[in-house]
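Now for the letters of each chain:
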Amino acid sequence: MSSENKTPLLSVRNLVVEFSTRYGPVRAVDDISFDVYPNETVGIVGESGCGKTVTGLTLLQLIPMPPGRIVQGSINFDGRDLTKLSEKEMQEMRGSDISMIFQEPMTALNPVFSVGNQMIDVLRRHKNLTRRQARELAINMLDTVGIPAPRKRIDEYPHQMSGGMRQRVMIAMALSCGPKLLIADEPTTALDVTTQAQVMEQIVKLQDEFHMSMILVTHDLGVVAESCDRAIVMYCGNIIETAAIDDLFHKPQHPYTRGLLDSIPRIREERITELPIIRGMVPDLLHLPDGCRFADRCPRATDECRQDKPVVNIDPVTGNGVACYHPMG
Amino acid sequence: MSSVAPEPVVDETVVDDGSAHRESIWAKTVYKLRRDRLGMVGLSVVLLYFIVAIGVWLGIWATEWGDVEGPKWAPMSAEYWFGTNIIGQDVFARAIYSTKTAFEVGLVVAVLSTIIGALLGALAGFFSGTWIDEIILWLKGVLDSIPFYLFVAAVAFALSGNPYAMHIAMVSTFWTTTGRLVRGEVIKLKNFEFVEAARAIGVPQVVIIFRHILPNTFHILLVQATIVFVAAIKSEVILSFLGLGVQDGVSWGLMIAESTQEVLAGFFNNFVWASVFLFGLVMAFNMFSDALQDALDPRKVASE
Amino acid sequence: MSTLLKVVDLKKYFPVRGGMFHRVVAHVKAVDGVSFELEKGRTLGLVGESGCGKSTLGRAVLRLHEPTSGQIILNGDDLMTLNREALTAHRRQMQIIFQDPYASLSPRRTVAQTIQEPLDVHKIGTPREREKKVEELLDVVGLRKQVLSRYPHEFSGGQRQRIGIARSLALNPNFIVADEPVSALDVSVQSQVLNLIARLQREHGISFLFISHDLAVIQHVSDDVGVMYLGRLVELASADDLYRKPRHPYTKALMSAIPVPDPKKKSKRIILGGDVPSPMNPPPGCPFHTRCPDAMPRCKEAVPPRINVGSEDQPHFVDCHLFADESAT
């Protein structure tokens, strides 16, 4: 999937999201810009607290406001700026044009209603269907996401299903109105490896079938490598690198990306005694350094890095970009 | 991977100064409490009452509460601010003195029933499912099922003449709610890994309860103590009114009891002022207690 | 090398109560007949998905969960025959590191109190010596002395995990159960803690039973690896052997399911059907036959025996009917 000569489906520009805390305002997302093209899967990766989840939630305006606040920036989706929509317009958007699936399917499903009732509700809210039609469509969707005996299982309650099944139900619900964009926030983190494999495979297959774009928010670089076309690496609320997936994994430019890739324990031919690590720890969002936020942990940092914050410069040909004065090359 | 493996960096000492988070759960609680305006008003009023009570206790004021000095049923005046009662005692001095009585009853009952509730609740929770738990639950069930005033009357008769019959009766029934809440919390806490860690080290069970579990129920105990304090003051009034309460001295309950004869005769000073004092303290304490509960709620603390 | 720990046919059943009279109506067979040996100074990795009983096994070996039956022979003594006092004395040589660094430290105890507690309980040394030992331990796990008077909530996950490790080292144990010690941590911190554990093993000769759901982490730390499924050990071999040539169909599926952080290596995936059966009602015969791609009629009837498909001095045990003819002995 190439991104040239196309208009992006989603275009985020200079987005800043701030949370007020008693210690002062914290910028969870600080001036980020990125595009998502039709049919494309973009991974947003980073460690906890880097702002990846807030980014995903902000796109759908699901962050609690207050204490959260979009300070500046625009989110252009399909020709409309989502930051300017009213709550009512946003509600129509959610679940129909843009859907989201979350990490913990148990908390996202209402335990006192059957799976079928919840799906029918969503369908009828966004589409002009009779109850019977909606039910048929729901059964169809359950079948599509690989739930065996959907006619029987549609009347089950969330607690009667396993974690993998519940996540499939969430996916069926998210896709039932044919969204153009799916935001998946750590969709398989709560699942076991074998179940994760089942569910990820299903998501990727459905994305193709439904011709939709996807934003995959995750900390798992393995999942990103297997299912994304492009990835965005976040650190302390900034985007520090964005690249096509092969480039990111084989020629990481930012020292942080490189460190992250090196430090994942992976199955190797030969065992090594010492895993490569990134020194130190993520700085506190309240006490961020002036320059590059990674400078304190970076083996390549110079005085320049500590004084001025580098910005991402996107290469117009490759679409890759890195916020670093001394990229790995 | 195409990249060459980098030189492993030696594991260095990793510590941030963490200045932003250098504060305890209590500091957070105090911060939240101070932002709760209603709670702070409540606390100020409670403190005012407390100063009044301390003054009485030190003999600074209201020393003349028992003197028969004025005419019977004197109206409110510069000399007798709240008038006098049926035998000519100063209602103002008596209302002030009763503040001390209220604090005495409230504190004794709150402290003792909290201690008993914490101990029995912790034992029941830690040994939940065993005979220890069964016995404590049975005791709690029995005490909860006896009508309160009947129980107090029975204790008062059984300990006839003992000035602390009322206190004993209240403590032995008021601990049950605290006990139930602590038991639930302990059942939750005892499955935490830090308790398992203590067991893995070989820490004796009693030490685990007192050192690792009970300190983590402190927020419940604090809130429960304030609730019991208010309940004790209110019960004291009713019990004293029934003649089962304060035996010597004076209290708002005794004042209201006295006023039964006065109200019929059209004199309301005793009744009104005792009620106003009682209402003020109970109201203020409840406001403070609610704010404290909010401030200590771990879910709300976590969301900050 | 000599055997430090020998576990024979260990079982841990949790009673399930129900009905009007609170009777035991069923048992959850969390650990159902597990045997293994651990040599001095080596690490046995235990891998499996959630609910397979690996954490219960770790705790049962330490008698933190009282086992239902079996033998646990540590340094020649059968822990199952010890009374409470004798067991407390034995706790000096065996310790545990927990998964959740937020739940494993007493919130109202300072770092110094936490690390010193084992020394106090076992009355080791004078108070002076204990304080010195605590400072040494901090040094070992890479924390500064200034942290001694602080409380757990002031630390990050990785730092808390270091405090927990210091506590478990206080009594100079020769055996430590590490129950998912890094799975709650971010990638970059994960590798720091893994390196620390590897170093402790090298420098102090401690034997580890290392429990994790992550095959890559297990490979990095383990000399031998056991794979658990539904309360049983289905494969047990040296790490090199197991990763080079997994034999049990479940191990193969597990390995193929791991997402590889390399977009060019799309692995051929064995997708398992269905879910793990309930340990309350495990299937007869081989516990894996309901999901096994190679299941034969025999698997439904007979519990597979333990077969050595390796050599006498390099054993590779697998509990599977497929290898019935391959037994080395």
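Residues numbered from 1 in each chain as written. Chains lettered and ligands numbered in written order. Predicted model: local features only at pLDDT ≥ 70, side-chain atom pairs only at ≥ 80, totals over all residues.

K.L.:
Can you walk me through the overall build of chain B in this structure?
P.N.:
The helix and strand tally for chain B stands at 12 helices and zero strands. Seen in sequence order, chain B has helices and strands lined up from the N terminus as α-α-α-α-α-α-α-α-α-α-α-α. Put simply, chain B has 304 residues, and 43% of those count as buried. For chain B, the proportion of contacts with a sequence separation of at least 24, taken over those separated by at least 6, is 68%. (Helix = DSSP H or I, 4+ residues; strand = E, 2+ residues; numbered from the N terminus. Buried ≥ 20, exposed ≤ 12 C-beta atoms within 10 Å, placed from the backbone. Contact = placed C-beta atoms within 7 Å.)

K.L.:
So what exactly am I meant to see when it comes to the overall build of chain C here?
P.N.:
Helix and strand counts for chain C stand at 10 helices and 12 strands. Rg of the C-alpha trace for chain C: 21 Å, near the compact-globule value of 20 Å for 329 residues, within the 12% margin. With respect to the three principal axes, the spread of C-alpha positions in chain C is 65 × 60 × 45 Å. Of all 329 residues assigned to chain C, the portion counted as buried reaches 50%. Sequence separation of at least 24 residues holds for 62% of the intrachain contacts in chain C that already meet a minimum separation of 6. (Rg over C-alpha atoms; globule rule 2.2 N^0.38 Å.)

K.L.:
Please explain the sheet that holds strand S11 (residues 313-314) of chain A as it appears in this structure.
P.N.:
Either a parallel or an antiparallel arrangement is found when strands of a sheet pair, and the pairing is made through backbone hydrogen bonds. All names here are of chain A. In spatial order, the strands read S6-S7-S8-S3-S9-S10-S12-S11; together these eight strands make up an open sheet with mixed pairing. At either margin of the open sheet sits one strand with a lone partner, and together these are strand S6 (98-101) and S11. Sheet analysis places strand S9 (residues 230-235) next to strand S10 (residues 238-244), joined by six bridges and oriented antiparallel. Bridge pairing links Arg 230 to Ala 244 in S10. Across the sheet, helix H7 (residues 163-175) touches S6 and strand S7 (181-185), and the angle it forms with S6 is around 170°. (Pairing = 2+ DSSP bridges. Axes fitted to C-alpha atoms, helices over the stretch in contact; angles between N-to-C directions.)

K.L.:
Could you clarify how one ought to interpret the interface of chain C and chain A in this entry?
P.N.:
Contact with chain C, which involves 36 residues of that partner, is made by 37 residues of chain A. Put simply, the parts of the chain that give the side of chain C that touches chain A at least two residues each are helix H6 (187-204), helix H7 (215-221) and helix H9 (249-257) of chain C. The element that contributes the greatest number of residues to the side of chain C that touches chain A is H6 of chain C, accounting for eight residues. Here the residues of the side of chain C that touches chain A are counted per class, giving 18 nonpolar, 10 polar and eight charged. (Nonpolar A, V, L, I, M, F, W, Y, C, P; charged D, E, K, R; others polar.)

K.L.:
Would you mind showing me how to read the environment of Tyr 157 of chain A here?
P.N.:
All names here are of chain A. Tracing the backbone shows Tyr 157 in the loop between helix H6 (150-153) and H7. On the basis of neighbour counts, which here come to 16 C-beta atoms within 10 Å, the residue Tyr 157 falls in the partly exposed class. When the C-alpha atoms of Tyr 157 and Val 204 are compared, they prove to be 26 Å apart, with 47 residues separating the residues in sequence. The contact partners of Tyr 157, leaving out residues within four places of it in the chain, are Pro 111 and Ser 114.

K.L.:
When you look at the sheet that holds strand S5 (residues 77-78) of chain C in this model, what are you seeing that I'm missing?
P.N.:
All names here are of chain C. Taken in spatial order, the four strands of this open sheet run S2-S1-S4-S5, and their pairing is antiparallel. Bordering the open sheet on either side are strand S2 (23-39) and S5, each of which pairs with just one other strand. Bridge count between strand S4 (residues 69-74) and S5: two bridges; the pairing is antiparallel. Bridge pairing in S5 places Leu 74 opposite Asp 77.

K.L.:
Honestly, the packing of helix H3 (residues 91-126) of chain B against helix H11 (residues 269-296) of chain B in this entry has me stumped. Any pointers?
P.N.:
Between two packed helices, the angle of one axis relative to the other and the distance separating the axes together describe the packing. All names here are of chain B. Where H3 contacts H11, the two axes come as close as 10 Å, and the packing angle between them is 35°. Crossing of H3 over H11 shows right-handed handedness. On the side of H3, the interface is formed by Val 91, Ala 95, Ser 98, Thr 99 and Ala 102, while H11 contributes Asn 269, Asn 270, Trp 273, Ala 274, Phe 277 and Leu 281. (Left-handed = near helix turned anticlockwise from the far one by under 90°.)

K.L.:
Would you mind showing me how to read the pairing of strand S2 (residues 24-36) of chain A here?
P.N.:
Successive residues of a regular strand alternate their side chains across the two faces of the sheet. Residue and element names in this part refer to chain A. In the sheet, strand S1 (residues 10-21) pairs with S2 via 10 bridges, with the strands oriented antiparallel. Its bridge partner lying in S2, Ser 20 is registered against Pro 25. The hairpin turn running from S1 into S2, its antiparallel successor, is two residues long.

K.L.:
Before we go on, may I ask you to explain the packing of helix H9 (residues 218-241) of chain B against H11 of chain B in this structure?
P.N.:
Residue and element names in this part refer to chain B. Between H9 and H11, the least distance of the axes is 10 Å, while the angle of their chain directions is 165°. Classified by the angle their axes make, H9 and H11 are roughly antiparallel. As H9 packs across H11, the resulting crossing turns out to be left-handed. When H9 is examined against H11, the residues His 219, Leu 222, Val 223, Thr 226, Ile 227, Phe 229, Val 230, Ile 233, Lys 234 and Val 237 are found in contact with a partner set consisting of Leu 278, Leu 281, Val 282, Phe 285, Asn 286, Phe 288, Ser 289, Leu 292, Gln 293 and Leu 296. (Parallel < 35°, antiparallel > 145°, perpendicular 65-115°, else oblique.)

K.L.:
Quick question: what am I supposed to make of helix H6 (residues 165-189) of chain B here?
P.N.:
An α-helical turn contains 3.6 residues, so a residue and the one three or four places further along point in the same direction. Look at H6 of chain B: 36 Å from first C-alpha to last across 25 residues, which is about the 36 Å you get at 1.5 Å a residue. When the local axis directions of H6 of chain B are compared, the greatest deviation, roughly 30°, occurs at Thr 176 of chain B. (Expected span 1.5 Å × (residues − 1). Bend = angle between axes of the 7 residues up to and from the residue.)

K.L.:
I tried to follow unusual backbone geometry on my own but got confused; where do I start?
P.N.:
What is expected of a backbone is that most residues other than glycine have negative phi and most peptide bonds are trans. Residue and element names in this part refer to chain C. Notably, Asn 75 is not glycine yet its phi reads approximately 50°, a positive angle. Tracing the backbone through its elements, the reader meets Asn 75 in the loop between S4 and S5. Residue class for Asn 75 comes out partly exposed when judged on the 16 C-beta atoms lying within 10 Å of it. One non-glycine residue, Leu 230, lies in positive phi territory at about 50°. Along the chain, Leu 230 turns up in the loop between strand S9 (224-229) and strand S10 (232-238). On the basis of neighbour count, Leu 230 is assigned to the buried category, with 24 C-beta atoms found within 10 Å.

K.L.:
Help me out: how do you make sense of the confidence of the model for chain B in this one?
P.N.:
As a note on interpretation, predicted positions should not be read in detail where pLDDT is low. Residue and element names in this part refer to chain B. Mean pLDDT over chain B stands at 80; residues scoring 70 or higher make up 87%. This stretch, residues 1-22, has a pLDDT under 50; its non-local contacts, to residues over four places away or in other chains, come to 35 contacts. The model gives residues 300-304 a pLDDT under 50, and that stretch makes six contacts with residues more than four places away or in other chains. (pLDDT = per-residue confidence, 0-100.)

K.L.:
What should I look at first to understand the pairing of strand S4 (residues 68-77) of chain A in this one?
P.N.:
Residue and element names in this part refer to chain A. Where S1 meets S4, eight bridges bridge the pair, whose relative direction is antiparallel. Considered in S4, the bridge of Val 12 is made with Ile 75. Both S4 and strand S5 (residues 80-81) contribute to a ladder of two bridges, which runs antiparallel. Directly across from Asn 76, in S5, lies its bridge partner Asp 81. Here S4 folds back onto S5 in antiparallel fashion, the turn holding two residues, of which Asp 78 has a positive phi close to 55°.

K.L.:
Quick question: what am I supposed to make of the environment of Phe 157 of chain B here?
P.N.:
Residues and elements named next belong to chain B. Along the chain, Phe 157 falls in helix H5 (residues 148-158). Classification of Phe 157 as exposed rests on a count of 10 C-beta atoms within 10 Å. Spatially, the C-alpha atoms of Phe 157 and Ala 231 are 22 Å apart, while their sequence positions differ by 74 residues.

K.L.:
Mind showing me how you'd approach the environment of Leu 4 of chain C here?
P.N.:
All names here are of chain C. Within the fold, Leu 4 resides in strand S1 (residues 3-18). For Leu 4, a count of 21 C-beta atoms within 10 Å gives the class buried. Here the alpha-carbon distance between Leu 4 and Gly 76, two residues 72 residues apart in the chain, equals 7.9 Å.

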